[in-house]
Amino acid sequence: MNNFKFQLKHYLIFLITIICYCIGFSIYFIAQHEGTRPKKNEENLSKFNPELYQINSNSRLLNNTNIDNSKYAKPDNLFYFLQISDIHMSDRYTKGAQGHLYYFLQKMIPILDPNFLFITGDITDSISKKMSLETTEDEWKMYRKIIESTNITTKNNGTFLWDLRGNHDCFRISEWDSPYNYYKDYSHTKTRGFTFNYETSYGTYSFVGLDGCPILSAAKPFFGIVDNVSMDLYSNFMNNAKSNPNNKHNFVFMHFPETTATFGKSSSGKSWNDYTKDISLLLTGHFHNIVGKYIYAYHPDYLEMELIDFKLKGRYRIVAIDNDVVSITDNTLPLPNIPYDFKTNNIDDLINHPPEVFKQNIPPVVHITSPKNSRFVLKRGEPIKESLTSEYIRVLVFSDQSPSNLKLSLYIDNKLQSTEFTYLGDQKLDKRSSTNKIKINSNINSKSQQNIIEENIYNVDAKTPPLWIAKWDKSAFNDGKSHELKVIATDINNQNHKGENVITFRLDGKSDSLGIPFIGKLLLKSVLYKSLPVIFGILYIIYEIMIILPRLYAIKNIIPKHSNLPFFPNKHVGDIISEETVPFQEGFFKKHFILPFIEAFTLNGIFYPIQIIMICLVVLPTKIGNITKPTQNVSKYGSEFLYGIYGSGQWANIADQYLTFIPLFILIIYLNTFIIVLSNHKKQRHHILSVILLIFLCLIQLLLSSFMTNMIGGIMAIFFSPFPVWITIYTWVLIFIIMIRRFRNHEDKIVTPELNAISV
């Protein structure tokens, strides 16, 4: 009977652990299933202001030059668009940010004059001077003032600018109708994503923008959620694009790279992966320059290209579609310094008193459209082999100078070629019939289970792009190898004003390496929202093995013989345990790595509190506090679980918590456990310097855990935070108990049987 009570007493914790694991897995699957399903005002989320813009394409009839009839010798079948991302407008900045944006829209857009401009999120910074994290109306007013003062909102009858939200644009936004969601009031698109078809006489091109802001957004979310409602929009539009025989390319825009986005399923059960074969390019932002100047990656079905931030790096992207061959160039704003210091954070000052840099001429911007850059060969939609039959090099040159003032030079493998360029920007486009129209379908809305499309008709000129062409003899380069092609455009009136574009090409149609560092490709292809939980799970399991196996050994071999072991470690308990661990006192690894863990986790005061907090981490909230900004439908109070955010009956299965859990698990739980184990094992008193170092480490951990917890849920969360605040406090309590009690007197004692009864 006594043996049964002993086993029940000491093995019950393991039974509870297994039960909690089962409960934790159940919560995980619930969070995964419900985390992409909006529960509040789901019907409102499907109201995306659907419109169908039908834009009549009016040709310009200009003087023609005698050029042969090859389609590659004409300026037709060519359009281009721009992308910028991560502006982070804020009155905290005088460098970059809103100054970069105003300069770009005021100076660069009139020269580049693209068909569309896409801004892929983090328009505002949402971090105040006091470091509070929440959306700020003044930042959005600043953005609105910039796009209106530069006439971007009215360009091409309002069909020019398409902006998306980023994670900084939705800090603590609990729902779309939140009064703190200033995007819906001050942006240009004003909808949760967009979709439109650009329908020309030479093909249809689809553009899809997906809003990835989490359903229930806490402070500073890093991961996004493309929820089920957005997936309905995406699924419907992609199905329509696939059914169009004239569809040539599908371009998808998000702020969040695929690796940081959780995707729901459409009402028809379609997922993100069901349409990846139909994507030509995925264009994102978000990572800034975290791993270098460029972050690109080939996925199995498409090419993803993350764009470096506009805030400090001034990066913008040109994407041209020339006879259905896609070319991409990432450029930097032509400012004297990047980021440029505009000396003011007030946009009114910039507009009314622009600095001298606004009066300077812009150097030519060069973009090669043909031959194809072999680094960026797409998985679908590109007639690469056909384009390689072209006898022409095709180059877009954007300049505030007259074409007659520009001189283009061609270099192949760093050798100057004798080729002469001809400007086609003054050529007329092929005559369009009345049926050749450009249609922009901004959104599809589900009403009464039927797709209803609302239509509006606008007229926009089909502009002749600033195209230069040059005949070349490519036979010398048809050797199955890669070659470098460079075009330099020079202002003949100012030799210092020049621009260039360098690409790699090959004439066998094969692709070359992206030339991206391994860490960059790994970042985009690692699927962080899936891999981070796995990494944390491995760390968790290793830790559980580290404390449970020594405990099991103690229950079987030590505790039955010494029923009155103290709850906390004292000076002599290690000597008692040493008598029962003779097999582990020989051999370096056993003595210095296994034995200390057995000595430590034999004691209830070390094992039980830590193990209880570990199993609470699996089934209970890690933090409870003021998670989000309250609305009529959503309370400000919520909980952070291991599996996501939960509040007001809504799950948001983001993976942000793992970004903090993994380092904190290593820097606090692992580190403190090793300190506990080794301090408990050592025989000598701690040196005063080691005591000072431990006190300093304790303070650092307490400040770090309190700061990160406060950022998520405020002061309330600090008091209701099993992880990391409670576990930090308790492990340091154990460390100092060991330091004080076990080593109060460090002289050696003779071990006697009476020591077995020693307690605290």
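Cut-offs used in this document
- Residues numbered from 1 in each chain as written.
- Predicted model: local features only at pLDDT ≥ 70, side-chain atom pairs only at ≥ 80, totals over all residues.
- Heavy atoms only, no water.
- pLDDT = per-residue confidence, 0-100.
- Contact = heavy atoms within 4.5 Å.
- Helix = DSSP H or I, 4+ residues; strand = E, 2+ residues; numbered from the N terminus.
- Polar contact = N/O pair within 3.5 Å; in protein donor to acceptor, adjacent residues only side chain to side chain.
- Axes fitted to C-alpha atoms, helices over the stretch in contact; angles between N-to-C directions.
- Parallel < 35°, antiparallel > 145°, perpendicular 65-115°, else oblique.
- Left-handed = near helix turned anticlockwise from the far one by under 90°.
- Buried < 20%, exposed > 50% of the residue type's maximum accessible area, 1.4 Å probe, protein only.
- Salt bridge = Lys/Arg side-chain N within 4 Å of Asp/Glu carboxyl O.
- Pairing = 2+ DSSP bridges.
- Core = buried A, V, L, I, M, F, W, Y, C linked by side-chain atoms within 4.5 Å.
- Domains from an automatic or database assignment.

An unreviewed UniProt entry annotates the protein chain as Metallo-dependent phosphatase originating from Anaeromyces robustus.

Attention now moves to the confidence of the model for the protein chain. Mean pLDDT for the protein chain: 86, with 88% of residues reaching 70 or above. Note that residues 48-68 has pLDDT below 50 and, in this model, 89 contacts with residues that lie over four places away or in other chains. In the predicted structure, residues 746-760 sits below a pLDDT of 50 and forms 25 contacts with residues beyond four places in sequence or in another chain.

Here Y670 lies in helix α14 (residues 656-681). Excluding residues within four positions of it along the chain, Y670 makes contact with L539, I542, Y543, M546 and F665. Within the structure, Y670 has its side chain in polar contact with the backbone nitrogen of Y543 (distance 3.4 Å).

Time to look at the packing of helix α3 (residues 97-112) against helix α4 (residues 137-149). It is the contact of α3 with α4, at a shortest axis distance of 9 Å, that shows an interaxial angle of 15 degrees. One element, α3, and the other, α4, form an angle in the roughly parallel class. Like other packed secondary-structure pairs, α3 and α4 cross with a definite hand, here right-handed. Of the residues in α4, those in contact with Q98, L101, Y102 and L105 of α3 are M142, Y143, I146, I147 and S149.

Turning our attention to the environment of D348. Along the chain, D348 falls in helix α7 (residues 347-352). What makes D348 partly exposed here is its relative accessible area of 31%. For the pair D348 and I146, spaced 202 residues apart in the sequence, the C-alpha separation amounts to 9.2 Å. Within polar-contact distance, the side chain of D348 engages the side chain of K145 at 2.8 Å.

Any two side chains of opposite charge can pair if their charged atoms end up close together. Counted by the stated rule, this structure contains 20 salt bridges. A salt bridge links D341 to K343; its shortest N-O distance comes to 3.7 Å. Among the charged side chains, a network of salt bridges with common partners joins R506, D508 and D512.

Within strand β25 (residues 483-491), 8 of the 9 residues are buried, which leaves it mostly tucked inside the rest of the structure. Across 7 bridges, the pairing between strand β17 (residues 406-412) and β25 is antiparallel. Residue pairing for β25: L410 is matched across the bridge by V487. In terms of strand pairing, β25 meets strand β26 (residues 494-505) through 9 bridges, oriented antiparallel. Paired with A489 across the bridge in β26 is G499. Following β25, the chain reverses through 2 residues before pairing antiparallel with β26.

Now for the nonpolar core. Note on soluble globular proteins: their nonpolar side chains tend to be buried together. Counting residues in each nonpolar core, the largest one holds 88 residues, and the members touching the most others are F536, Y543, F601, I606, I610 and F665. Element by element, the count of residues in this core is highest for helix α10 (residues 528-557), at 12 residues. Counting residues domain by domain, this core receives three or more from each of domain 1 (1-33 + 530-748) and domain 2 (79-352). Not counting residues up to four positions away in its chain, the partners in contact with Y543 are I610, M614, F665, I669, Y670 and T673. Membership of the second largest hydrophobic core comes to 52 residues, among which are M142, F310, L424 and L467.

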